[in-house]
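A closer look at the structure
Letter by letter, the chains look like this.
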Amino acid sequence: MICRELMNDPNLENLRVGEKSAGEFARKQLEAASNDPRVSRDDGRAMMADFWDAMEEAERVRTLTQWGLHELTFALEREEERQGVRHNADEIPPPAAGPLQAAWERTEWARAELENESAHSNAQALISMNSALDAMVEELVKFWRGFQVKRIAEEIIQKGTAAVPEATAETKAEHLELLKQAVHDLVDQKVPKALRPKGSGIARYEKPLSRIGWQAPGDRPIPSDLNVALTELGALRDVLVHCAGRVDEKALAQAPTLNYREGQFVRISRNDYRTYSAAVRCYAQEISFRPMRSWPEVTDAQLPDLANWRAYVLVNA
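Residues numbered from 1 in each chain as written. Predicted model: local features only at pLDDT ≥ 70, side-chain atom pairs only at ≥ 80, totals over all residues. Heavy atoms only, no water.

Digging into the packing of aromatic side chains
Heads up, the rule is: Think of it this way: a Phe, Tyr or Trp ring, Trp meaning its six-membered ring, pairs with another when their centres are within 6.5 Å, and the plane angle makes it stacked under 30 degrees, edge-to-face over 60, tilted otherwise. Burial here depends on accessible area, computed with a 1.4 Å probe over protein chains only, as a share of the maximum for the residue type. Under 20% is buried, over 50% is exposed, and the range in between is partly exposed. Each helix corresponds to a stretch of at least 4 residues labelled H or I by DSSP, and each strand to a stretch of at least 2 residues labelled E; elements are numbered beginning at the N terminus.
In this structure the tally under the stated criterion is 4 aromatic pairs. Judged by centre distance (4.7 Å) and plane angle (80°), the rings of Phe 51 and Trp 52 are edge-to-face. Residue Trp 52 is classed as partly exposed on the basis of its relative accessible area, which comes to 25%. Taking the centre distance of 5.4 Å and the plane angle of 50° together, the rings of Trp 144 and Trp 214 count as tilted. One end of the pair, Trp 144, is in helix H6 (residues 119–163); the other, Trp 214, is in the loop between helix H9 (203–210) and helix H10 (224–242), and 70 residues separate them in sequence.

In structure tokens:
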């Protein structure tokens, strides 16, 4: 596959294949695969960056799985070229029979997996995405609550010291630190605790987000079909992780729109993957833009297009 940058190069005769000709997307994926940026983060404030890196990893590994399967469909053809004999020839030299049989098995295995839409790799990617969304919201809420507690405590201390500057000047530094910690602890007791994602659909995330004022704005309600998609994904995630892939009564009660019956085995199709991954991607973008809507440089045109959330699937996914 020729990357777009190469296709648009006016000097095609001067092209070279290798690292220097890699496109921006390919370079980014190569770097992330070689040196995951999440490894170097340890301050607990990179929940959004971690989320998008997790999404890219899930997409990247699934894509490599698909490409690998397609490559394996040529295994028999390539082995026939190496051996100089067709696998269905009337006479096959004994030394060539074993490699040809192994290549035939790899080819048919890959073809069968592709015909089955590689349901397991689809499921694994979606489980990772659902987990990443849960983690982002949980960590975001905890961090923002901690930030607010610190801000309120500092405001109280500043007002207090401004009201009695003489007493403050005479107070030992270590005593001031103890006072600051006591005020912080008191504020921490008063501010509502952060909630973990719990429940189904957008309510799973909107309730904890509302504790920090990041709930869905009145002028940007979440579309009902996006809520349905996230509800179904959550139910299927629980089925895949906790029920060996067989739909249970709880899942059907949680997501009545699922096209499964109780006891049926779940197979995540390519269309399922495209739908659910688009839902996660669009909703996560919506959350990340909420605190920035008041910024003058952010326009409504830059906000996620919630009505067209299905378009947030990656090309060729």
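Continuing now.
A word on the nonpolar core
Stated precisely, the cut-off is as follows: In plain words, nonpolar cores are sets of buried Ala, Val, Leu, Ile, Met, Phe, Trp, Tyr and Cys residues tied together by side-chain atoms within 4.5 Å.
Counting 49 residues, the largest nonpolar core has Phe 51, Leu 133, Met 136, Val 137, Leu 209, Val 280 and Tyr 283 as its most contacted members. Of all elements in the fold, only helix H3 (47–72), H6, H9, H10 and helix H12 (270–289) reach the threshold of two or more residues within this core. Considering each element in turn, this core owes the most residues, 10 residues, to H6. Formed by 6 residues, the second largest nonpolar core is a distinct cluster that contains Val 149, Val 183, Val 187 and Val 191.

Here's the deal with the pattern of salt bridges
Quick reminder of the rule: Basic side-chain nitrogens of Lys or Arg form a salt bridge, by our definition, when they fall within 4 Å of a carboxyl oxygen of Asp or Glu.
Here the structure, examined in full by the defined rule, presents 23 salt bridges. Between Asp 188 and Arg 145 there is a salt bridge, with the nearest N and O atoms lying 2.8 Å from each other. A residue pair is termed long-range when its members are at least 10 positions apart, and Asp 188 in helix H8 (residues 173–190) and Arg 145 in helix H6 qualify at 43 residues. Note that Asp 219 is salt-bridged to Arg 293, the shortest N-O span being 2.9 Å. Within this pair, whereas Asp 219 is found in the loop between H9 and H10, its partner Arg 293 is found in the segment after H12, the two being separated by 74 residues in sequence. Look at Asp 219 and you get exposed, because its relative accessible area is 54%.

Looking at the side chain of Arg 62
Threshold: As used throughout, the charge tally considers Lys and Arg to be positive and Asp and Glu to be negative, leaving His and the chain termini uncounted. Residue contacts follow a heavy-atom distance rule, with two residues in contact if any of their heavy atoms lie within 4.5 Å.
Summarising the element assignment, Arg 62 is placed in helix H3. This buried residue, Arg 62, is left without a salt bridge; Glu 59 holds the nearest opposite charge, at 4.8 Å. Sequence-distant contacts of Arg 62, that is, excluding residues within four places in its chain, are made with Ser 121, Asn 122, Ala 125, Arg 270, Tyr 273 and Ala 317.

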